[in-house]
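Chain and residue survey
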Amino acid sequence: MRLEALVTAPLKVIVAAGLAVSATLPATATAHATLTPAVTTARLPATTPAATTARFPSTAPAVTAVQRSASGPGRRHECAEAAVRCDGTIAVPLDWDDPASERIEVAFAWIPAAKRATGTILANPGGPLPALPDVPRLTRTLGPVLDQRNLLVVDPRGLGASAPLLCPGLKLTDPDSVAACAAHLGPRIRFFTADQAVRDMDAVRRALGAGPVTFYGNSYGTAYAQAYAVQRPEGLAAAFLDSTTITGPDGHVLWPMRSRPELMGFVCGRSRACRELPGDPERTFARLVAHLRAHPDPEVPLPALNGVGRMTEPVFGREANAAATAYLAGDPAPLRRLASVLKGFPSQPIEGAEWAGYLAYRCGDGSFPFARDAGPAGRLAQLERYFERERPLAPFTLADLGLDVRSGLEFCVNWPTPRPAPVLPPQADQPAVPVLVAGGDFDTHTPAEVARAMRVFPRATFVRVPFGTHSLAWGPGAAGECVRAMLRSFVLDHRVPRTRCDAENYRASGAFPRSLAEVAPVPAPGLDVRRRRVLAAGYATAADAVARRNPYNLVHGGLTGQAGLRGGKVTFGSGTIDLDGATFVPGVAVTGRITLRPDGKALAALTLSPGASDGGAEGRVYRVELVWEAFTARERPALSGSFDGTPVKVPERP
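This text gives an overview of the structure that appears in the document. (Residues numbered from 1 in each chain as written. Predicted model: local features only at pLDDT ≥ 70, side-chain atom pairs only at ≥ 80, totals over all residues. Heavy atoms only, no water.)

With respect to unusual backbone geometry
The condition is simple: Runs of H or I in DSSP of at least four residues are treated as helices and runs of E of at least two as strands, each being numbered from the N terminus.
For the peptide bond that leads from Gly-127 to Pro-128, omega is 0 degrees, which places it in the cis range. For Pro-128, the position within the fold is in the loop between β4 (120–124) and α2 (135–142). Cis geometry is found at the peptide bond from Ala-394 to Pro-395, where omega equals 10 degrees. Mapping Pro-395 onto the fold places it in the loop between α13 (376–390) and β10 (435–440). Positive phi, close to 40 degrees, is recorded for Ala-163, a residue that is not glycine. Position of Ala-163 among the secondary structure elements: in the loop between β5 (150–154) and α3 (175–185).

This is the structure in structure tokens:
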């Protein structure tokens, strides 16, 4: 569940798979593949919380050589003596509780500290997918920490280069294909679970002669970290959990299939302008869904509306409630503009032989709305009753979203799970080691759910990241930098840093104006009311365009251009935004350039052309220059600049 962002296309992937837009796809491999993988570029759309593609400075030590070596049980591995990255394998039992069971090969990468090593970090990026392709991302994230800490990354068994499970022709959304895969692989698949995989990881640690590790787990990597704490407590010194996977009462991993409509109210409640809109945000959205169900709009298909209603994309969080309100009041333009970016969002089918390993973990480790010991027919019946009774996707129905319980809504219906494999067995003793848990408001599990679940660790500290999504330490912008700093500090000294991180950098919008007369004039001394109103309209147009370049955007971050809300065109460049007659307020066309400066300020040089229909003189053009803080959790930031040569200074509206 490598969920770096919670967007919505295609919905069948989102709800059923819980996979991510930036999850690295598993590459088909064998146990003897060359282990110098680059990070792949394939991407999957997904649900829950995270982040857009991040770019970090490369501060980790360069890999100057890669060694291949193998080791049997009880031997010190050759990589233990390496001075540079060493990739190797060890042989481990298929069933750790049966020493005489079949042997499988587990692959790993060992990156010795650039200077004197004072400890080891065992890292897993999540998925459950291969880990070795993400070594470059893990080294960038840890950065200068790797001067003092060794890094160990192990491909979990069944994935990547560790005895991969392969099913040619596998398609996760085809129940018959899943059942055929399970039959093809046979009963040995019951041992490809987290409780066995972490014992492999510990065996690698011991073969390298490393002491207790600090486990850095991201997303599903946090499930491995929790299992490691239970299975091998003597090997754990501390753990940093980012975007935590939690377990149910039976100790198996929860894979929630649900919508989060309450988040619309949460985001709206932070904004004075949004609170002034009529109605309750959840009820407004439910009314909109019912309206579009009864009166379909091809420009706002319900699956796309489901994406708009998720708050992980700042543009959606900023505008969804106002757009829903406008649509119900007869103004469809704002909502259609939001939906348009999702209608063409690229998707990729989740199919291929290598997905068998993912299924083994998802199903073997998972807890679902059906009994693990039930057969496929019984599971399907229980799943149908669950969706009928609980309606976890409300206000949407399965039919709204083009889903069918019988057609791959939950992959594991047809995957046998004869062996209980709890990641976190109930009543299990947890080691009293420092555990730092970071979670965002918009993640798969709520901050309250994660904080409650992590109380089982005696020395756990939960840190909430407001407006944070998924894979926080991989995120862009100031929030990503802050979480990376928190991670780096903690893995070095195992103390919780005082720093607190925050991804809230916008406020939800109020009503979309239908005329210049509906625009509230800004308090700019020296200008008459009409000019203050025109200035407000010009700023609103510029701010609307700048919002599409919020560093936490995923979908909008890839746009190169978009039509203005009421007309004209907006073009996005590298650090620039060009407006060509862009119209946000009817009758007020805006042309010019906005520059996004490295200091976080936006600098706009614009011409504003309000039409005669709004009470102005035909052909009158105003020249405006404005500077403001581009991304801030304020109703309106302070503005400074000039309006037709008159200096203006507008105080912020907090």
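Examining the nonpolar core
We count it as follows: Take the buried residues of types Ala, Val, Leu, Ile, Met, Phe, Trp, Tyr and Cys, join any two whose side-chain atoms come within 4.5 Å, and each joined set is a nonpolar core. Between buried and exposed lies partly exposed: a residue is buried under 20% and exposed over 50% of the maximum accessible area for its type, with that area taken using a 1.4 Å probe on protein chains only. By the convention used here, residues are in contact when the closest approach between their heavy atoms is within 4.5 Å.
Formed by 196 residues in total, the largest nonpolar core has its most connected members in Tyr-216, Tyr-224, Leu-305, Trp-415 and Ile-594. Among the elements that take part in this core, helix α16 (residues 529–547) stands out by supplying nine residues, more than any other. Setting aside residues no more than four positions away along its own chain, Tyr-216 makes contact with Ile-121, Leu-122, Ala-123, Asn-124, Leu-138, Thr-141, Leu-142, Phe-240, Ala-473, Trp-474 and Leu-487.

Some points on the packing of helix α10 (residues 314–328) against α16
Rules: Working convention: axes come from line fits to C-alpha atoms, limited for helices to the stretch in contact. Angles between N-to-C directions cover 0 to 180 degrees. Working definition: roughly parallel below 35 degrees, roughly antiparallel above 145 degrees, roughly perpendicular at 65 to 115 degrees, and oblique for all remaining angles. Three residue categories are used. Nonpolar comprises Ala, Val, Leu, Ile, Met, Phe, Trp, Tyr, Cys and Pro, charged comprises Asp, Glu, Lys and Arg, and polar comprises the others, including Gly.
Where α10 contacts α16, the axes come no closer than 10 Å and their chain directions differ by 135 degrees. Considered as vectors, α10 and α16 are oriented oblique to each other. When α10 is examined against α16, the residues Val-315, Arg-318 and Glu-319 are found in contact with a partner set consisting of Ala-543, Asp-544 and Ala-547. By residue class, the composition of the contact of α10 with α16 is three nonpolar, no polar and three charged.

Some details on the pattern of salt bridges
Applicable threshold: Within this document, salt bridges are pairs made up of a side-chain nitrogen of Lys or Arg and a carboxyl oxygen of Asp or Glu, the two lying within 4 Å of each other.
Counting across every chain of the model gives 35 salt bridges. With its nearest N and O atoms 3.1 Å apart, the salt bridge here joins Asp-195 to Arg-419. Remark: Arg-419 occurs in the loop between α13 and β10 and Asp-195 occurs in helix α4 (residues 194–207); sequence separation between them is 224 residues. Like Asp-195, the residue Arg-419 is buried in the burial classification. Two residues, Glu-384 and Arg-406, come together in a salt bridge whose shortest N-O distance is 3.3 Å. Within this pair, whereas Glu-384 is found in helix α13, its partner Arg-406 is found in the loop between α13 and β10, the two being separated by 22 residues in sequence. Glu-384 sits in the partly exposed class, given a relative accessible area of 22%. Three or more residues joined by partner-sharing salt bridges are found here, namely Arg-318, Glu-319, Arg-337, Asp-544 and Arg-548.

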